[in-house]
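# Structure assessment
Below, each chain spelled out in residue letters.
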Amino acid sequence: MRLGIPCLLALILTPLYGLSDEPPANASHKSLTTVTAETREIVAARLRNQAVIAGEFRQSRTDAKLPRPLESNGHFVFWRDQGVHWATTSPLTQQTVYRPDTTWQMDDGPASARELRSRSDDIFRDVLLNVLSFDEAQLATEFESRWQVSDNGNWQLSLVPLRGHLARAIQTVELRGDENINRIEIADTRGGALLLEFHAQHSEFTITAETCEQLFLYSAQQCQTKLTP
Amino acid sequence: MTSSVLRWLFYLLLAGLLVCTARLLHQGPSIKYDLLSLLPQTGSNAVVAEASRRFTTQDGNQLLYVLSASEQAPLLSAAGEVLERMQQVSALEVETPSRRAEAFLNYTHALAAYRFTLLHDEQRRYLAETKERTLVLQRQRELYRPGAGALLTSPAEDPLGLFDRYVQGAAVMPENVQAQGDLLLLETAGASYALISARVIPGAFDLTAQQQVLALDDALNTALETDYPGVTLRKAGIVFHAGLAAAQAKKEVSIIALGSALGIIALFSLAFGSGRPLLLTLGSILFGCTSAALITLSIFRELHLLTLVFGASLIGVAVDYALHALTRADARGRSDLSALMPGLVLALLTSLIGFGSLLQAPVPGLQQMALFSMLGLIGAWLFVVVLFPHVTISARPPWPPLQKFARVPDGLAGRSHARTAMLAALALLAGAGLWQVQTVSDLRIFHQADDALLEDQASIDALLPSHSANQFYLVRGASVEQVLQRAEALNTKLRPLRGEAVNTVLNPADHLPSLRQQRENRDLLSAGVYRQGGAADQLLQQLGFDNTAIKELREQVATQPALTAENWLRFAPPQLGQLLLGEFNGSYYAAIRLSGISDIEPLAAVARPLPWLEFVDTVADISSDLQQRQNNALVQLGIAYLLIGLALGARYRRARALLLLCAPLLSSVATIAVLGLAGQPLTLFHVFGLFLVLGLGMDYSIFRHEAGPQREECMFAIMLSMATSALSFGLLALSDTPMISAFGLTVLLGSIGNWLLLPLAVTTPSTSNQ
């Protein structure tokens, strides 16, 4: 899959300057304007067709209170508007489902699912879903956006929470990528950080009634509704 | 009593008034609107009073707005507008989630120093029942979950996250409420809610604050109706009740004052045909009111608004003195009080006895009202007896129909068949009505809350149950430690009732375990998960901590001091700290608060077998207290009749004088019977009204008895007195405040009864002669 991330890139850049008539303020703006204008055309059409992104992740949590980072690996499935299935495979196995309304933890398959009600999980869920689905309206109400781009085409977007509970918990959310989002780094206000690096991303993953129930824990009836075109 | 003595008394009163005025100018007068101050103090139990005071202070000054809508977008916009408008009100301090979060963080930081002694019941059970390998794995899962968030405490300090979970239980915000920006949001199946709370800085009973809050409320309702039709606004807070009650009381004062004034003006115009008698009478009442207000304010330092409502009406009794004086004009057109003076003295004395009986009522507002009325009567009386004889009255003959109306009671009593019919009607009324009389002693007789506010409160309680200020437990012990141990024991007893009779329990022992429990917690950890090679060691090694750090942690667990109540109170949030009530008469007390009470009986039953535990139900206590006072008041009414009977005996020196008591007595019986027939239950305030019926009835009887040849003038004055009383008390009967209405209705019926029954009871010499 090479489609989801460019879509995001286009969406991220569009509200910032792509639609503006003002000339860019500096050189990097100028180069990015060119990239975005080209990318938008390609990505916008693809995005409409890309409802699912699947891939692998490497996660690293650093904290001043830990002697070394906590590193883990696994795979994920992002289903637009429905949630993210996050499966850690090493050094332990567990699955977390971030749905727009709730967060679920599965230690041993859907039967072991229990709802997580912690505030930090809620905050992470909101950030992850908003960033991956790039809910423009929501992001604009919650974050101040700043972008940078290097000459080799790699880009970086910094999101700074404007106020409220996000600002109290999160210092910045940084997205980096080229034609994909390659990493998301969330720096918390207590000096810790969570780094998520993505690879082997693709959009060929098909959500079936079974995966809908097994991975996203929706009921059969809900799945039927969601999967009906 | 000579006229010179009266003059000196009058001058003395004037001098006293000057002193009071000077004192008040120095202090500044204060009008009190707090309805709670009228409630009888359950202060026989100082601990209950202290707990109630703390809860009322803590909760009473809070207000809460809850907005609801089926969609979140309009809800958030509307809530933003409400928040903005609330922040512009100077009397309010809006409590944002960030403020709450900061306070909570400070609390948890302070608690962290005692973390190895703090465990919940559930945590102890969990540690006892769970294998160490599982404990390690579960903690690892937490740490590796991407949404685990920033670590509150380092794994080196709290490897298994036990302290993090402990403090989550102390969170001030309910679990289902989420912060979003400056708003608190709550989702249910069918609706979204936004909650905005604020503290009324000057207090819920501050009049300016009430006006600001009510103005804000009006503006919010208008704005939401116009701009956000799908958003519903509900509110809760004592400030709304107090604001509405104060506005209602002020409105009633205006209506009663205006109604009484207009009625009296009309009556006097018809009765005397000139302005001077009216001015003289109003002068006596004004002087009485001013004297009463100044002296009462000097004594109590503040005057309750309801004292003014009651007291100003009671001074209407003082009009009797002026009316009788006005009908006794001599050849020069001046009041000749020589023949009237014994009656005036006796009338004042009996009224003072009647009102003096109210002084014994251990309800602060009523004591103030009784003193106000007594002082007002004395002031008005002195004004009449000292000044009236020196002023030309300039009265013209009264309007004939009014004169005719004044003869109605004598007309009825003068015909034997009419008299018989009246007595039969009275007997029938008493027979039919008295057995239907019911008594009620409910707190609602003090104040009937606004229905819409009650409905809002019920909706909000269903959504977010709040801790009751009226029902709670009191735990007693010889020391704070014993109180906490007993509070811990109570948790076990209350567990089966949770979700059944009560929703949540706020127990100080859940936040400050007893020292014994803390030692047990520390020993459990030290010998269990924190032992050498235990779950904590295993996890820390996996996380990369070195052996020195691991060893230091074990030593910390073994030596950590326990959290004492003294230290805890230094940093505990007010809503928790207030639960430790302190020492009273050598014993220590703590309160345990309850929310979402659905069944009181099982909660009360828990306390019955435990001598150290009391289930306090202040509503039931006040109702029971009112019932007792009502019974006492009836006894005291009997004593008042007895004392007045003795005074009459001393004045007239014959048993027949006791018949003068018949008019108020029969009138009171008839009044109670009418109330019974009307289905209105008898309350303490009806009984207080009967005291006034006695006072008025004695005035009528004494003046009629002393009238001699001027019986017709006397009955004319009595009719005018009855009419003014009926007018002012009739208006009180229309009040929306149940206690005022009960008082007014009783006096209205009683004064009419006094007037109609007067000739049956008091046959003056002239009547006898006739």
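Right, let's walk through the structure included here. (Residues numbered from 1 in each chain as written. Chains lettered and ligands numbered in written order. Predicted model: local features only at pLDDT ≥ 70, side-chain atom pairs only at ≥ 80, totals over all residues. Heavy atoms only, no water.)

Counting secondary structure elements, chain B contains 31 helices and 13 strands. A buried classification covers 54% of the 770 residues belonging to chain B. Counting only contacts in chain B whose residues sit at least 6 apart along the sequence, the fraction spanning at least 24 positions is 83%. Accessible surface, chain B: about 32300 Å² in total, of which carbon and sulfur atoms supply 58%. (Helix = DSSP H or I, 4+ residues; strand = E, 2+ residues; numbered from the N terminus. Buried < 20%, exposed > 50% of the residue type's maximum accessible area, 1.4 Å probe, protein only. Contact = heavy atoms within 4.5 Å. Areas by Shrake-Rupley, 256 points an atom, 1.4 Å probe, with all protein chains shown as cover.)

A word on the nonpolar core. Ranked by size, the top nonpolar core spans 105 residues in total, and within it F268, Y321, L344, W381, L648 and L720 of chain B carry the most contacts. Listed in part, the 51 residues of the second largest apolar core include Y166, V167, L474 and F615 of chain B. (Core = buried A, V, L, I, M, F, W, Y, C linked by side-chain atoms within 4.5 Å.)

The next thing to look at is the interface of chain B and chain A. With 33 residues of chain B at the interface, the matching set in chain A holds 33 residues. Together chain B and chain A conceal approximately 2900 Å² of surface at their shared face, both sides included; 51% is due to carbon and sulfur atoms. It is R141, Y144 and P146 of chain B in chain B that bury the most area against chain A; as a group they hold 27% of the surface buried on that side. Seen at the junction of chain B and chain A, the total is two salt bridges. (Buried area = accessible area lost by both parts, 1.4 Å probe. Salt bridge = Lys/Arg side-chain N within 4 Å of Asp/Glu carboxyl O.)

Turning our attention to helix α25 (residues 600-607) of chain B. For an α-helix, the turn length of 3.6 residues means that residues three or four places apart are oriented alike. Residue and element names in this part refer to chain B. Those residues of α25 that sit buried are L603, A604, V606 and A607. Looking down the long axis of α25, one finds its buried residues gathered within 150° of arc, a one-sided arrangement. In the core, the buried residues of α25 are packed alongside β9 (467-477), α19 (480-494), β12 (587-595) and β13 (613-617). Two or three places before E601, at the start of α25, stands the capping residue D599, its side-chain oxygen 3.4 Å from that residue's backbone nitrogen. (Arc of directions from axis to C-beta. Polar contact = N/O pair within 3.5 Å; in protein donor to acceptor, adjacent residues only side chain to side chain.)

All names here are of chain B. Enumeration according to the criterion identifies 21 aromatic pairs over all chains in this entry. Taken together, a centroid distance of 5.3 Å and an interplanar angle of 45° make the contact between F10 and F287 tilted. Remark: F287 occurs in helix α10 (residues 275-300) and F10 occurs in helix α1 (residues 3-27); sequence separation between them is 277 residues. Residue classification places F10 among the buried residues on the basis of a relative accessible area of 6%. Among the residues examined, F287 registers a relative accessible area of 13% and is labelled buried. Here the aromatic rings of F584 and Y589 are separated by 5.9 Å at their centres, their planes lie at 75°, and the arrangement is edge-to-face. (Phe/Tyr/Trp six-rings, centres within 6.5 Å; stacked < 30°, edge-to-face > 60°.)

Residue and element names in this part refer to chain A. Those residues of helix α6 (residues 209-216) that sit buried are T211, C212, L215 and F216. Along the axis of α6, the buried residues cluster in a sector spanning 105°; they form a single face. Two residues or fewer after α6 comes L217, characterised by a positive phi angle close to 60°.

Residues and elements named next belong to chain A. Following S90, the chain continues into P91 via a peptide bond in cis, with omega recorded as 5°. By the element assignment, P91 lies in the loop between β3 (83-90) and β4 (94-98). Phi at A200 takes a positive value of approximately 50°, unusual for a residue other than glycine. Mapped onto the elements of the fold, A200 is located in strand β11 (residues 193-202).

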